[in-house]
Amino acid sequence: MISIQSVSFSYTGAGTNEWALRDVDLDIAPNEFVALLGPNGSGKSSLSRLLNGIEWPTEGIVTVDGLSTADPAAIAAIRRTVQIVFQNPENQQVGVTVGEDIAFGLSNIGWPQHDLSARTKWALQLVDLPVDEDRLVAHLSGGEKQKLALASVLALSPRYLILDESTSMLDPIARKQFVDILHAARREQPFAVIYITHHLEEVVNADRLVLFEKGRIRAIGTPEQLLQEGELLEACGLELPFGRRLALSLRKAGIPLSASPDLEEWRRWL
Ligand SMILES: Nc1ncnc2c1ncn2[C@@H]1O[C@H](COP(=O)(O)OP(=O)(O)OP(=O)(O)O)[C@@H](O)[C@H]1O
Ligand SMILES: [Mg+2]
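Residues numbered from 1 in each chain as written. Chains lettered and ligands numbered in written order. Predicted model: local features only at pLDDT ≥ 70, side-chain atom pairs only at ≥ 80, totals over all residues. Heavy atoms only, no water.

1. Some remarks on the overall build of the protein chain
Within the protein chain one finds 10 helices and 10 strands. Taken over 270 residues, the protein chain has a buried fraction of 50%. Pairs at least 24 residues apart make up 63% of the contacts formed inside the protein chain by residues separated by at least 6 positions. Here the protein chain displays about 12900 Å² of accessible surface, and carbon together with sulfur accounts for 51% of that area. In the protein chain, the 25 positive side-chain charges and the 35 negative ones have mean positions that sit 3 Å from each other. (Helix = DSSP H or I, 4+ residues; strand = E, 2+ residues; numbered from the N terminus. Buried < 20%, exposed > 50% of the residue type's maximum accessible area, 1.4 Å probe, protein only. Contact = heavy atoms within 4.5 Å. Areas by Shrake-Rupley, 256 points an atom, 1.4 Å probe, with all protein chains shown as cover. Lys, Arg positive; Asp, Glu negative; His and termini not counted. Charge placed at Lys NZ, Arg CZ, Asp CG, Glu CD.)

Structure (structure tokens):
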């Protein structure tokens, strides 16, 4: 379990009134899929950096499976347990070839040398990237590079995986493929996901959505619960899935539809 208790965070340290995060309380269970949503600058990336100890809270405490991120003795274990995939795959690739890229992280955690190649193949298969290990990273497409970034962290068997706008540089087809692969990988090897995005349609299957505004949690609930809050989501710059958007406009025009009509309701109304 990741536990975020009364956390406030400022990049300029204590004694400031510029808070990137303010009074945040949130638990993330093993194997849970939690989406972090909110406008630009609302604190999502700052929170993700607190979760794997790149930064630590100005106030409050973050623990990962009982270890505090403020404890220097725990940081290596926490960074192994909580992995991050960022927005730009090119900032996270360290190898010239696909094989080197995956092996780098594995070598860092002392993976047995004789098993590196088998583990690399396993990770490539897990993310559905059927390329040779000696393929040059520079020759991969954007979508393939992001799959490689995913393979490189999944090879390390993280218990918690943070995806910070990992799909934002992909086209809609590659984006959908990436999300599908993530779900498939979790079926093969369960892990928790902390998914940061501006695209609501990517997280309609999440366990919980957490909406941030100005560093605070503004709303939290299941997708079903939060999607009822159409106006709040839109005020936070999130575009509702098409069916929801249509239902919301029709409701505003006085048409008695539910917030999330199913096919039967649409048919009746039409
Ligand atoms: N490295 C930094 N140094 C100082 N302030 C920062 C830094 N990174 C972010 N901030 C500030 O912290 C606040 C929260 O920013 P953060 O990047 O966490 O938001 P975000 O929700 O991830 O936004 P986006 O959707 O644009 O990625 C903002 O006011 C931002 O300007
Ligand atoms: Mg961000």
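Now that the structure has been shown, the text picks up again.
2. A closer look at the packing of helix H3 (residues 98–108) against helix H5 (residues 142–154)
The contact between H3 and H5 brings their axes to 8 Å, and the two run at 35°. For the pair H3 and H5, the crossing hand works out as right-handed. Residues Val98, Asp101 and Ile102 of H3 form the contact with H5, whose own contacting residues are Leu148, Ala151 and Ser152. The residue makeup of the contact of H3 with H5, split by class, is 4 nonpolar, 1 polar and 1 charged. (Axes fitted to C-alpha atoms, helices over the stretch in contact; angles between N-to-C directions. Left-handed = near helix turned anticlockwise from the far one by under 90°. Nonpolar A, V, L, I, M, F, W, Y, C, P; charged D, E, K, R; others polar.)

3. A word on unusual backbone geometry
Phi is positive for aspartate 128, close to 55°, though the residue is something other than glycine. For serine 157, which is not a glycine, the phi torsion comes out positive at approximately 50°. Within the secondary structure, serine 157 sits in the loop between H5 and strand E7 (160–164). Look at serine 157 and you get partly exposed, because its relative accessible area is 36%.

4. Describing the side chain of serine 166
Along the chain, serine 166 falls in the loop between E7 and helix H6 (172–188). The residues contacting serine 166, other than those within four sequence positions of it, are Val85, Phe86, Gln87, Gln146 and Phe178.

5. A word on the packing of aromatic side chains
Under the counting rule described, the total for this entry stands at 3 aromatic pairs. Between phenylalanine 9 and tyrosine 11, the aromatic rings sit 4.8 Å apart at their centres with planes inclined by 70°, giving edge-to-face as the arrangement. Taking relative accessible area as the criterion, phenylalanine 9 reaches 3% and is therefore assigned buried. Relative accessible area serves as the criterion here: at 45%, tyrosine 11 is assigned to the partly exposed category. Taking the ring centre of tryptophan 19 as reference, the NZ or CZ of arginine 22 above it sits at 4.1 Å. Lying across the ring of tryptophan 122, arginine 119 places its NZ or CZ 4.1 Å from the centre. (Phe/Tyr/Trp six-rings, centres within 6.5 Å; stacked < 30°, edge-to-face > 60°. Lys NZ or Arg CZ within 6 Å of the ring centre and 35° of its normal.)

6. Section: the site of ligand 1
Contacts to ligand 1 come from 13 residues, most closely from Asn40, Gly41, Lys44, Ser45 and Ser46. Here an oxygen atom of ligand 1 and a backbone polar atom of glycine 41 are 2.8 Å apart. For ligand 1, whose accessible area on its own is 640 Å², the fraction buried by protein is 57%. Of the residues assigned to the shell around ligand 1, the class counts are 3 nonpolar, 7 polar and 3 charged. (Near = heavy atom within 4 Å. Polar contact = N/O pair within 3.5 Å; in protein donor to acceptor, adjacent residues only side chain to side chain.)

7. Quick look at the environment of glutamine 113
One can find glutamine 113 in the loop between H3 and helix H4 (116–126). Sequence-wise, glutamine 113 and alanine 151 are 38 residues apart; in three dimensions their C-alpha atoms are separated by 18 Å.

8. Details of the side chain of glutamine 83
Its place among the elements puts glutamine 83 in strand E6 (residues 82–85). Residue glutamine 83 is classed as buried on the basis of its relative accessible area, which comes to 13%. One polar contact links the side chain of glutamine 83 to the main-chain carbonyl oxygen of arginine 79, over a distance of 3.2 Å. If sequence neighbours within four positions are ignored, glutamine 83 has contacts with Val153, Leu156, Pro158, Tyr160, Leu161 and Ile162.

9. With respect to the packing of H5 against H6
It is the contact of H5 with H6, at a shortest axis distance of 10 Å, that shows an interaxial angle of 20°. Accordingly, the angle class assigned to the pair H5 and H6 is roughly parallel. Crossing handedness for the pair H5 and H6: right-handed. The residues of H6 that touch H5, namely those facing Gly143, Gln146, Lys147, Leu150 and Leu154, are Ala174, Gln177, Phe178, Ile181, Leu182 and Ala185. Residues of the contact of H5 with H6, tallied by class, amount to 7 nonpolar, 3 polar and 1 charged. (Parallel < 35°, antiparallel > 145°, perpendicular 65-115°, else oblique.)

Limitation: the analysis is restricted to geometry and does not speak to function.
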